[in-house]
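If you want the building blocks of each chain, they are given just below.
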Amino acid sequence: MENCLFCKIIAGDIPSTKVYEDDKVLAFRDINPQAPTHILVIPKEHIAGVDELNAENAAVVSHIFVKIAEIAKQEGLSGGYRVVSNIGEDGGQTVRHLHFHILGGKKLHEGMA
Ligand code: 5GP
Ligand code: ZN
């Protein structure tokens, strides 16, 4: 997708601090961290958000969650962490490329919304 920020990060046109990469997914540090550890995990295939998942493209999500568990261990988040995916305008999604935030490294706020 031409005008997608995260597709540009995948292509290497915009630099990022990579945490993990394989042929299907990329994980990199959020530019504006909301917690001591704040990592974004994205599929390399452009999917706009959770609202665009379907039976044909959703297999990457289980792969992403396996990688989330591995990354969290690697980052030492043994006390726990939070995984968040914002969807659409009401959900506060600012980049329309599916991504999961890994937030941790401190005791997170209890509120969800
Ligand atoms: P959303 O608000 O869509 O759930 O999350 C988008 C996230 O992308 C935000 O946390 C924001 O800080 C992060 N972000 C936006 N632009 C960039 C960028 O150029 N590089 C990196 N590493 N993160 C970005
Ligand atoms: Zn994209």
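Residues numbered from 1 in each chain as written. Chains lettered and ligands numbered in written order. Predicted model: local features only at pLDDT ≥ 70, side-chain atom pairs only at ≥ 80, totals over all residues. Heavy atoms only, no water.

Engineer: What should I look at first to understand the overall build of the chain in this one?
Structural biologist: Within the chain, the regular secondary structure consists of two helices and five strands. For the chain, the N- to C-terminal ordering of α and β elements is α-β-β-β-α-β-β. By the compact-globule yardstick of 13 Å for 113 residues, the chain fits well, its C-alpha radius of gyration being 14 Å. For the chain, the C-alpha atoms occupy an extent of roughly 35 × 30 × 25 Å along the three principal directions. Per-residue burial for the chain yields a buried fraction of 39% across its 113 residues. (Helix = DSSP H or I, 4+ residues; strand = E, 2+ residues; numbered from the N terminus. Rg over C-alpha atoms; globule rule 2.2 N^0.38 Å. Buried < 20%, exposed > 50% of the residue type's maximum accessible area, 1.4 Å probe, protein only.)

Engineer: It is not clear to me how the layout of surface pockets should be interpreted in this structure. Could you clarify?
Structural biologist: Rolled over the atoms, a probe with the dimensions of a water molecule shows which regions are left empty. Approximately 390 Å³ is the volume attributed to the largest pocket. For the largest pocket, the lining is made up of 16 residues, of which Gln34, His38, Arg82, Val84 and Leu103 are closest to its centre. Within the residue set of the lining of the largest pocket, elements represented by two or more residues are β4 (81–84) and β5 (100–104). For the lining of the largest pocket, the element with the most residues is β4, which contributes three residues. Residue composition of the lining of the largest pocket, grouped by class: six nonpolar, seven polar and three charged. Within this model, the second largest pocket holds a volume of roughly 320 Å³. Every element with two or more residues in the lining of the second largest pocket is listed here: α1 (5–11) and β2 (25–29). Per-element tally for the lining of the second largest pocket: the top contributor is α1, with three residues. In the lining of the second largest pocket, the residues fall into nine nonpolar, eight polar and two charged. (1 Å grid on protein atoms, 1.4 Å probe; cavity = no way out; pocket = protein on both sides within 12 Å on 5 of 7 lines; lining within 4 Å. Points joined across faces, edges and corners; volume = space filled by probe spheres on them. Nonpolar A, V, L, I, M, F, W, Y, C, P; charged D, E, K, R; others polar.)

Engineer: Where do I start with the side chain of Asn57 in this structure?
Structural biologist: Structurally, Asn57 is set in the loop between β3 (37–43) and α2 (59–74). Since its relative accessible area comes to 12%, Asn57 is described here as buried. In terms of polar contacts, Asn57 uses its side chain to reach the backbone amide nitrogen of Asn54, at 2.8 Å. Not counting chain neighbours up to four residues away, the residues in contact with Asn57 comprise Glu45, Ile47 and Glu52. (Polar contact = N/O pair within 3.5 Å; in protein donor to acceptor, adjacent residues only side chain to side chain. Contact = heavy atoms within 4.5 Å.)

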